[in-house]
Amino acid sequence: LIVPVYLAFSIAYVAGYFLSYYLNLKWTFGVKPDTRTFLLVPVAYIAQYVLGIALMFLLVDILMIPAEIGPLIVMFITVPVTFIVLRLVIRSRLE
């Protein structure tokens, strides 16, 4: 079965979201999934994506950091930011 690359990417992204949502709630934060967090958690991932693109543009296009290094720097910045946003979303549910 041959699947177009964009369709395969989209399927993998959505599957990754569901897996990440479940694993983060269960093992990282120790809470049960609910509708509210299911609807709010994508906001954290959208923010991560937008921040990542903006940082990549700044690092690679403006500061001329090599494209092979830029994504690593972006990852080291966006992953902790995403964790903090997820924690805020999930903790607000518990209060």
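Residues numbered from 1 in each chain as written. Predicted model: local features only at pLDDT ≥ 70, side-chain atom pairs only at ≥ 80, totals over all residues. Heavy atoms only, no water.

Looking at the largest pocket, its volume works out to about 280 Å³. Lining of the largest pocket is provided by Phe9, Tyr13, Val14, Gly16, Tyr17, Phe18, Ser20, Pro42, Tyr45, Ile46, Gln48 and Tyr49. Taken together, the elements giving at least two residues each to the lining of the largest pocket come down to helix 1 (5-28) and helix 2 (35-62). In terms of residues, the lining of the largest pocket owes the most to one element, helix 1, which gives 7 residues. (1 Å grid on protein atoms, 1.4 Å probe; cavity = no way out; pocket = protein on both sides within 12 Å on 5 of 7 lines; lining within 4 Å. Points joined across faces, edges and corners; volume = space filled by probe spheres on them. Helix = DSSP H or I, 4+ residues; strand = E, 2+ residues; numbered from the N terminus.)

Our next topic: the packing of helix 1 against helix 2. In contact at an axis separation of 11 Å, helix 1 and helix 2 are set at 115° when each is read in the N-to-C sense. As far as their axial angle goes, helix 2 and helix 1 are roughly perpendicular. Between helix 1 and helix 2 the crossing geometry is right-handed. Residues Tyr13, Tyr17, Phe18, Ser20, Tyr21, Asn24 and Leu25 of helix 1 pack against Thr37, Phe38, Val41, Pro42 and Tyr45 of helix 2. Taken together, the residues that form the contact of helix 1 with helix 2 break down as 9 nonpolar, 3 polar and no charged. (Axes fitted to C-alpha atoms, helices over the stretch in contact; angles between N-to-C directions. Parallel < 35°, antiparallel > 145°, perpendicular 65-115°, else oblique. Left-handed = near helix turned anticlockwise from the far one by under 90°. Contact = heavy atoms within 4.5 Å. Nonpolar A, V, L, I, M, F, W, Y, C, P; charged D, E, K, R; others polar.)

Glancing now at the side chain of Thr78. Within the secondary structure layout, Thr78 lies in helix 3 (residues 70-94). Take Thr78: its relative accessible area is 5%, and that puts it in the buried class. Setting aside residues up to four positions removed in sequence, Thr78 forms contacts with Gln48, Leu51, Gly52 and Leu55. (Buried < 20%, exposed > 50% of the residue type's maximum accessible area, 1.4 Å probe, protein only.)

With respect to the helices and strands, Thr82 occurs in helix 3. Classification of Thr82 as buried rests on a relative accessible area of 5%.

Attention shifts here to the packing of aromatic side chains. Per the stated rule, a full pass over the model turns up 8 aromatic pairs. Judged by centre distance (5.4 Å) and plane angle (65°), the rings of Tyr17 and Phe18 are edge-to-face. Taking the relative accessible area as the measure of exposure, Phe18 reaches 42% and is therefore partly exposed. Between Phe29 and Phe83, the ring centres sit 5.5 Å apart and the planes meet at 15°, which makes this aromatic pair stacked. (Phe/Tyr/Trp six-rings, centres within 6.5 Å; stacked < 30°, edge-to-face > 60°.)

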